[in-house]
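# Observations on the three-dimensional arrangement
Residues per chain are reported as follows:
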Amino acid sequence: MTTEESELRNKAARYCSVAERCQQEVEQKLGAWGADTTERESVVAYLYENGYLDDCRYCRAFVHDKVAFAQWGRQKIRYALRAKHLPDREIEKALQEIDIEVYKKNIEKLIASRPKASNEAEKAKLIRFMLQRGYSYEEIVDS
């Protein structure tokens, strides 16, 4: 291992220690720091081996934050995690851990924050808004 690779490992470890990161984010950062492909692979392997990177932990944290703070629905969260190339198995496990009460309250809050839908056009607008937030049609209609 070269001195440069050792420095990259230390930098990447600090980067991962600040907040949960996924492999894609780390690889992008390593690229910005000038690491070549073999150095990236080596550093990412080191981070996984030493617990700095963990797909399951990342998915759980991402899901929690998006439900609690951004009030996203399951669909939007699922697509965002897939865009980060995380395993579907880990994504689905994390989505199953969503607190249903918080999730339902988010739907109610979002619907209440919009103007009262009195005609079909306004109802359609509200449904489009909720779909963009990642909620399924069934979840919207049931609320």
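Everything quoted here is computed from the prediction, not taken from an experiment.

Criteria and thresholds
Chains are numbered independently. Their residues run from 1 in the order of the written sequence. In keeping with the predicted nature of the model, local features appear solely for residues at pLDDT of at least 70, side-chain atom pairs appear and are counted solely at 80 or more, and the whole-chain, interface and lining totals rest on all residues. Hydrogen atoms and water are omitted, and side-chain values are computed over all heavy atoms in the structure. The helix and strand labels rest on DSSP assignments: H or I over at least four residues marks a helix, E over at least two residues marks a strand, and numbering proceeds from the N terminus. Here's how the labels work: a residue is buried when its accessible area is under 20% of the maximum for its type, exposed when over 50%, partly exposed in between, all with a 1.4 Å probe on protein chains only. Whether two residues touch is decided by their heavy atoms; if any such pair falls within 4.5 Å, the residues are in contact. By convention in these notes, a salt bridge is any Lys or Arg side-chain nitrogen within 4 Å of a carboxyl oxygen on Asp or Glu. To obtain an axis, a line is fitted to C-alpha atoms, over the contacting stretch when the element is a helix, and the angle between two such axes runs from 0 to 180 degrees between their N-to-C directions. Here is the rule for angles: anything less than 35 degrees is roughly parallel, anything more than 145 is roughly antiparallel, 65 through 115 is roughly perpendicular, and the remaining ranges are oblique. In a left-handed crossing the near helix is turned counterclockwise from the far helix by less than a right angle, and in a right-handed crossing that turn is clockwise. Residue polarity is assigned by list, with Asp, Glu, Lys and Arg as charged and Ala, Val, Leu, Ile, Met, Phe, Trp, Tyr, Cys and Pro as nonpolar; anything else, Gly included, falls into the polar class. Working definition of a nonpolar core: buried Ala, Val, Leu, Ile, Met, Phe, Trp, Tyr and Cys residues. They are joined through side-chain atoms within 4.5 Å. Between rings of Phe, Tyr and Trp, where Trp is taken as its six-membered ring, a pair exists when centres lie within 6.5 Å; planes separated by under 30 degrees are stacked, by over 60 edge-to-face, and by other angles tilted. To sit over a ring, a charge needs its Lys NZ or Arg CZ within 6 Å of the ring centre and within 35 degrees of the ring normal.

In this structure, R9 sits in helix α1 (residues 3-18). Judged by its relative accessible area of 18%, R9 falls in the buried class. Each residue touching R9, except ones within four places of it in the same chain, is listed here: M1, S42, V43 and Y46.

Turning our attention to the pattern of salt bridges. On inspection of all chains with the given rule, the structure shows ten salt bridges. The salt bridge involving R9 is made with E5; its shortest N-O contact spans 3.9 Å. With R9 and E5 both in helix α1 and four residues apart, the pair spans about one turn of that helix. Side by side, R9 and E5 carry an identical accessibility label, which is buried. Across the pair K84 and E25 runs a salt bridge, and its minimum N-O distance is 3.1 Å. Remark: E25 occurs in helix α2 (residues 23-32) and K84 occurs in the loop between α5 (74-83) and α6 (88-96); sequence separation between them is 59 residues. Using a relative accessible area of 19% as the deciding quantity, one classes K84 as buried.

Where helix α4 (residues 55-70) contacts α5, the two axes come as close as 11 Å, and the packing angle between them is 140°. In terms of orientation, α4 and α5 fall into the oblique class. At the point where α4 passes α5, the crossing takes the right-handed sense. The segment α4 lies against α5, with Y58, C59, F62, V63, K66 and V67 engaging I77, A80 and L81. Classifying every residue of the contact of α4 with α5 gives eight nonpolar, no polar and one charged.

Residues V63, I77, L81, L86, M130 and Y135 are the most contacted members of the largest nonpolar core, which totals 22 residues. When residues of this core are traced back to their parent elements, those giving at least two are α4, α5, α6, α7 (100-113) and α8 (120-132). Ranked by residues supplied to this core, first place goes to α4 with five residues. Residues in contact with V63, not counting those within four places in the same chain, are I77, L81, A94, L95 and I98. Listed in part, the twelve residues of the second largest apolar core include L8, Y15, A35 and L47.

This next bit is on the packing of aromatic side chains. Enumeration over the complete set of coordinates arrives at five aromatic pairs. Taking 6.3 Å as the distance between ring centres and 70° as the angle between the ring planes, the aromatic pair formed by F62 and W72 counts as edge-to-face. Pair noted here: F62 is in helix α4 and W72 is in the loop between α4 and α5, with a separation of ten residues, a long-range link. Take W72: its relative accessible area is 17%, and that puts it in the buried class. Ring pairing ties together the aromatic residues Y58, F62 and W72, which thus form one cluster. In this arrangement the basic side chain of R74 is found over the ring face of Y103, its NZ or CZ atom lying 4.2 Å from the centre. The ring of F129 is capped by R114, whose NZ or CZ atom sits 4.0 Å from the centre of that ring.

Right, let's talk about the side chain of N106 for a bit. Position of N106 among the secondary structure elements: in helix α7. Other than its neighbours up to four places away in sequence, N106 contacts V67, Q71 and Y135.

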